[in-house]
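Chain by chain, the residues run as shown.
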There are 2 protein chains.
Amino acid sequence: MSTDWTTLWASRTRNIRASAIRELLKLTARPEVISFAGGLPATETLPIQAITEACARILSTCPEKALQYGPTEGHLPLREQIAARYIKNCVPVTPDNLVITTGSQQGLDLVGRTLIDHGDLIVTEAPTYVGALQAWRPCSPVFIDLPVDHDGMPVERIDLGLPIQFVYVLPNFQNPSGVSLSLERRHQLVEMAHRHRFIIVEDDPYRALRYSGEDLPALVEIEAQMLGSKWDTHGRVIHLGTLSKVMAPGLRIGWILAPSTAVRMFVLAKQGADLHSSTLTQFIAETLMRDGTMEANYPFLLKVYRERRDTMLEALHEDLSDHASWTHPEGGLFIWLTAPGLHTQQLFTKAVERNVAFVPGTNFFANGGGDETMRLNFSCMPPERIREGIERLGHIIIQAQAEAPVKSS
Amino acid sequence: MSTDWTTLWASRTRNIRASAIRELLKLTARPEVISFAGGLPATETLPIQAITEACARILSTCPEKALQYGPTEGHLPLREQIAARYIKNCVPVTPDNLVITTGSQQGLDLVGRTLIDHGDLIVTEAPTYVGALQAWRPCSPVFIDLPVDHDGMPVERIDLGLPIQFVYVLPNFQNPSGVSLSLERRHQLVEMAHRHRFIIVEDDPYRALRYSGEDLPALVEIEAQMLGSKWDTHGRVIHLGTLSKVMAPGLRIGWILAPSTAVRMFVLAKQGADLHSSTLTQFIAETLMRDGTMEANYPFLLKVYRERRDTMLEALHEDLSDHASWTHPEGGLFIWLTAPGLHTQQLFTKAVERNVAFVPGTNFFANGGGDETMRLNFSCMPPERIREGIERLGHIIIQAQAEAPVKSS
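Description of the interface of chain B and chain A
Moving on, step 1. With 70 residues of chain B in contact, the opposing surface of chain A contributes 70 residues.
Moving on, step 2. Secondary-structure elements contributing two or more residues to the side of chain B that touches chain A are α2 (48-61), α3 (63-66), α5 (103-115), α6 (130-136), α9 (231-234), α10 (260-274) and α11 (279-290) of chain B.
Moving on, step 3. The greatest single-element share of the side of chain B that touches chain A, amounting to nine residues, is contributed by α10 of chain B.

If you want it as structure tokens, here you go:
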């Protein structure tokens, strides 16, 4: 008798959904497709030489440690390197405030496992990072999503009468919209969290990828400034970081920075989840942070990405000025486009047939919506391909709008 | 106001416990302690040279792939390498039957997330692998634990009147007891699973580490033999594998092998958990499997471990014959010792003071018990240290038994 797995799965699997993006990416793998659908760092920016040298050095000097089991909380020298970068920004961090995770996706997962009960209220941006929704949906929270504007999440619209468990925010060049939370709102949100005793989950993969405008302090920095030496006992910000965008995603190195009491719980949850992240890749990451090759690569990284962002913005301006609007991110990897009258999910198949791809925006909404929107990635393609791809996309959008039934207003 | 995390954690965290073993290991880190408490592979058996060469080759030929994001299900050539080894044993495996996990601990976690609802019945061995208990307790199943005998889990004692969700079994040189499931019971268990429609979760990290006796087929092999070409649709065995004991734990490479329908669900769960395991370490593992250096290392590995097992068995025989009994494992990393009249959890502190360590057996029981037992690891210490450690342990046990109140019978 064949095995009927549908009768076997646990009830929480009913909320597990395939990442539409990962599924879409499979359709866009043909080389003739110009894909703005991914979110990959540009291959040519990877610090390959530095990683090669680090690997060789590690495997000749301490292979017995780098290949062996390690502590769940992560390689201590790596946590020290990460801590040093926050200390420089005046957060009184010790290695006890850090747990190394298998990418920041695992950070999201550990947050969900330990903080979300069925029905808990979570405030998110709309749109928001789809990986967070995917990590948390099996815990069946209720998402309250607030549409972002040019200054990010409208924190003044958070309903403080509700028993909010946490607010999830990507403060810098948010995936997918590209917008950033303004300085004023950052202060406001931290103050609200303390006054009304909710937690903030700050997901910050992109801060170093700023191409214009001024660096803004992380929420955890604002909180540390406010609390001073009391941060470890009084803090309410759980901050997620990653090396995937500034070193190499394939190393799968991220971290959670939080008050030590919270970190201890994340470590316990991680023990059950995967014991610990790869020791070897932690050693590699530590080497590049310690010897400065990670940061030495930033100017090149920024130069490449800035040019690509600018190219995409110019091409959009040339090809779609009268037909769509889009964000003008100061950093990150994504531009968010809104094309009135279109259903981008339906448009996707046609676009791929014509060898250009994007991610339909609706995937990034916790509670639906965003039918007229799409996410465009500019990081992983040379400028001439970006221009060509936007031209193709422009034709498709303009044609679809011409064919679309005129909405009565 | 200080943050009261205890009021914030999700209800499932009440079942999260620290791994006593990982906590104990911290106490045993002093170099003068002879520790039988760990479960590490011997550092000197790690294929360091092969890994170094593989790393250099990968980073010179395909760094842009090895350092980039990869598919959630894992690097296809690695899945092909793993599949080939099961095909050789007549399981009709394709890469679609495999998902690469961050160590087999993540395999246990994915099984728990997708298969365990609150109150589900899970049959385990007593004692059993503590990492499985740790992974699954947050899902609050009910464990039915069956005391192992010399032939492993007494499968004939499984209560078939109960709605069992799955049976969890480590068929070879079980951690912690060292016993193996007999061939007869393997057949019996697979037949029971099909007749009574429960799932088997087969956790098999140690099969290659056999120092005596004859290799026995995995449960998934017995099932595949029974089902033939219908295995993918009719199979009920979820099989977990890992390279941690035969290549290097620090790579964090494990896998789940199961019918493709089940694998698809595990892949979805893994997307939310960590997107994918380290690409670089997957490439390394694939290289060592493809070029044969993994298996070429086995004879050396077996020679080292066989000698250590034999040394420990001899030392126990010399020092503790009249005071304790223990298992005689044909492979793996552990010997299980029972010392009547003792409370090994209480004995632990005294032992560490006298510079020898073990894991108190009670940690390995889903529902308590095992107070008189302990787990002894023989893999990560040279023979002379094993002899010295067992001598120390012998004194402590004999002294404690002399001091113990005589039990009325």
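Details of the environment of C55 of chain B
Moving on, step 1. As for its position among the elements, C55 of chain B is in helix α2.
Moving on, step 2. Residues C55 of chain B and A66 of chain B lie 11 residues apart in sequence; the distance between their C-alpha atoms is 9.8 Å.
Moving on, step 3. Non-local contacts of C55 of chain B, meaning those with residues more than four positions away in its chain, are made with C55 and L59 of chain A together with I284 of chain B.

Details of unusual backbone geometry
Residues and elements named next belong to chain A.
Moving on, step 1. Of note, the amide linkage connecting A126 to P127 takes the cis form, showing an omega dihedral of 5°.
Moving on, step 2. Here the bond from N175 into P176 is cis, since omega is 20°, no more than 30 degrees from zero.
Moving on, step 3. Here P176 lies in the loop between β5 (164-169) and α7 (183-195).
Moving on, step 4. One non-glycine residue, R252, lies in the positive phi region at around 55°.
Moving on, step 5. Among the structural elements, R252 can be located in the loop between β7 (237-242) and β8 (254-257).

Looking at the sheet that holds strand β6 (residues 199-203) of chain A
Residues and elements named next belong to chain A.
Moving on, step 1. In spatial order, the strands read β2-β8-β7-β6-β5-β3-β4; together these seven strands make up an open sheet with mixed pairing. Sheet topology places β2 (98-101) and β4 (142-147) at the edges, where each strand pairs with a single neighbour. Neighbour to neighbour, the strand axes of the sheet diverge by 20° on average, direction disregarded.
Moving on, step 2. Alignment of β2 against β8, held across four bridges, turns out to be antiparallel. Across the sheet, the residue bridging to T101 is G254, located in β8.
Moving on, step 3. Along the sheet, helix α8 (residues 219-227) contacts β6, β7 and β8; its crossing angle with β7, the most-contacted strand, is approximately 140°.

Section: the sheet that holds strand β4 (residues 142-147) of chain B
One key point about sheets: their strands pair by backbone hydrogen bonds, in either a parallel or an antiparallel sense.
Residue and element names in this part refer to chain B.
Moving on, step 1. The seven strands are arranged β2-β8-β7-β6-β5-β3-β4 in an open sheet whose pairing can be described as mixed. Each of the sheet's edge strands pairs with one partner strand only, and the pair in question is β2 (98-102) and β4. Pairs of neighbouring strands in the sheet enclose a mean axial angle of 20°, with direction left out of account.
Moving on, step 2. The pairing of β2 with strand β8 (residues 253-257) spans five bridges and is antiparallel. Paired with V99 across the two strands is I256, which belongs to β8.
Moving on, step 3. Along the sheet, α10 contacts β2, β7 (237-242) and β8; its crossing angle with β2, the most-contacted strand, is approximately 30°.

Some points on the relation of the copies chain B and chain A
Moving on, step 1. In screw terms, the move from chain B to chain A is a rotation of 180° and a rise of 0.0 Å along the axis, fitting with an RMSD of 0.0 Å. Given the turn and translation reported, the copies of this chain are related as if by a two-fold rotation axis.
Moving on, step 2. Same-surface contact between copies: 100% of interface residues of chain B are shared with the interface of chain A.

Rules of the game
Residues take numbers from 1 onward in each chain, read along the sequence in its written order. Numbering of ligands from 1 and lettering of chains from A proceed in the order in which they are written. Totals for whole chains, interfaces and linings use every residue, but because this is a predicted model, local features are given only for residues with pLDDT of at least 70 and side-chain atom pairs only at 80 or more, for both listing and counting. By the criterion used throughout, residues are in contact when their C-beta atoms, derived from the backbone, lie within 7 Å. For helices the rule is a DSSP run of H or I covering at least 4 residues; for strands it is a run of E covering at least 2, with both sets numbered from the N terminus onward. Here, any two strands with at least 2 DSSP bridges between them count as paired. Axis lines are fitted to C-alpha atoms, over the contacting stretch for helices. Their N-to-C directions set the angle, which ranges from 0 to 180 degrees. To superpose the copies, least squares is applied to the C-alpha atoms of every residue with a pLDDT of at least 70 in both.

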